[in-house]
Amino acid sequence: MELRWLESFVIVAEELHFARAADRLHLAPSALSAQVRALESHLGVRLIDRGRRTRPALTSAGLLFLEEARLTLAQAARAEAIGRRAGRGELGHAQIAYVASAAFSGVLTDVLTRCAAPGTELTVQVRELETPAQLEALVCGDIDVGFLRFRPEYPPEVTATRLLTEDIVLALPAGAPLAAYEAVPAAQLRDECFVAPHFDEEYGCRDQILDVAERGGFSPRCAPPVRDFIAALTMVGGGLAVALVPDSLRRVQIPGVAYRPLADVALTTSLVGAFRRGETSPAVRGVIRRLREAAATTVTAG
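This write-up is about the structure you can find in this document. For clarity, every value in this text was computed on a predicted model and none was experimentally measured. For every chain, the first residue of its written sequence is number 1, and the numbers climb from 1 along that sequence. Under the rules for a predicted model, residues below a pLDDT of 70 receive no local features and side-chain atom pairs below 80 are neither given nor counted, while totals for whole chains, interfaces and linings still include all residues. Heavy atoms from the whole structure form the basis of all side-chain values; hydrogens and water molecules are not counted.

On to the environment of Leu164. Here a helix means four or more residues in a row that DSSP labels H or I, a strand means two or more in a row labelled E, and each is numbered from the N terminus. Within the secondary structure, Leu164 is located in strand β6 (residues 158–173). Throughout, exposure labels follow a simple rule: accessible area from a 1.4 Å probe, protein chains only, divided by the maximum for the residue type, with under 20% read as buried, over 50% as exposed, and the rest as partly exposed. Accessibility expressed as a relative area gives 7% for Leu164, which makes it buried. Spatially, the C-alpha atoms of Leu164 and Ala295 are 7.1 Å apart, while their sequence positions differ by 131 residues.

Below is the structure:
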């Protein structure tokens, strides 16, 4: 049974006039009549009485069938609309992971807001995950999009879009003498202990600490690595260390922590959105498209 047969029958039932129904469907009356007869033949029942001198009228079977035909056409239209929306990435499910510091950048919430825009029914699940675990999860398909700090290299299956570049600032105990500086010279950090997230030891944080130490003319002393920047700031608030952190972490109001720019070292860090190359899921492609839209409107911080 073809949908066009149902549509033709419903229009004839509404008009009870083959010529007017044919005009609505942009068909010749003979073609319309043939479709209705094909439907009746398929069902094995007459749906419309065609009087020569009277207007067509629905049979009892036709009256019963009309409601079901309308429901079937409505469901078919809904299925088509859902299929098209899914193809545009407006429907579906995606798993997003982020490093803790990404939550304070504003970019993550921007992307999530775009995913929840009116007319979009993307189901997005979000969880915090360290960078190495994110990259592994992307490769094996456990997550679809990751928000993480820039890496010079990614697995072959993964690509990344730069979302935000921001200054690195110094987090230090609010009661320390160094907090009196508006901007802290590198040399003044000679006697300080640095703390950094362990997943950034190989990339980013380690190099940044070495850059500051080289500028200040000393060998850095480092505390054991911690899980993330929030843990690092907790140690800073306890007076145990100082930390080099992204400027967006100024939004984190941990008691006992002050933030100061570096006076003579210019350091930056980038947040990226990572995803699989050649992603085939329309829903995930929809999230990636919104991620790229957010990246295009983001102004470099600092």
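Ring pairs are drawn from Phe, Tyr and Trp, using the six-membered ring of Trp, whenever the two centres fall within 6.5 Å, and their geometry is named by plane angle: stacked under 30 degrees, edge-to-face over 60, tilted for the rest. Summed over all chains, the structure comprises 1 aromatic pair. Ring centres of Phe9 and Phe65 lie 5.5 Å apart, and the angle between their planes is 55 degrees; this geometry places the pair in the tilted category. Separated by 56 residues along the polypeptide, Phe9 in helix α1 (residues 3–15) and Phe65 in helix α4 (residues 60–87) bring together distant segments of the chain. Accessibility classification places Phe9 together with Phe65 in one group, the buried group.

Describing two packed helices takes the angle between their axes plus the distance from one axis to the other. All axes are obtained by fitting lines to C-alpha atoms, using only the stretch in contact for helices, and the reported angles, taken between N-to-C directions, cover 0 to 180 degrees. Running from N to C, helix α5 (residues 107–115) and helix α9 (residues 282–297) point in directions that differ by 130 degrees, and their axes come no closer than 9 Å. In terms of orientation, α5 lies oblique with respect to α9. Classified by chirality, the crossing of α9 by α5 is right-handed. Contacts between α5 and α9 pair Asp110, Val111, Arg114 and Cys115 from the former with Val287, Arg290, Leu291, Glu293, Ala294 and Thr297 from the latter. Each residue gets one label: Ala, Val, Leu, Ile, Met, Phe, Trp, Tyr, Cys and Pro are nonpolar, Asp, Glu, Lys and Arg are charged, and the others, such as Gly, are polar. Tallied by class, the residues present in the contact of α5 with α9 amount to 5 nonpolar, 1 polar and 4 charged. If an angle is under 35 degrees, it is roughly parallel; if it is over 145, roughly antiparallel; if it lies from 65 to 115, roughly perpendicular; otherwise it is oblique. Throughout, a crossing is termed right-handed when the near helix is turned clockwise from the far one, and left-handed when it is turned anticlockwise from it by less than a right angle. We call two residues contacting when some pair of their heavy atoms lies within 4.5 Å.

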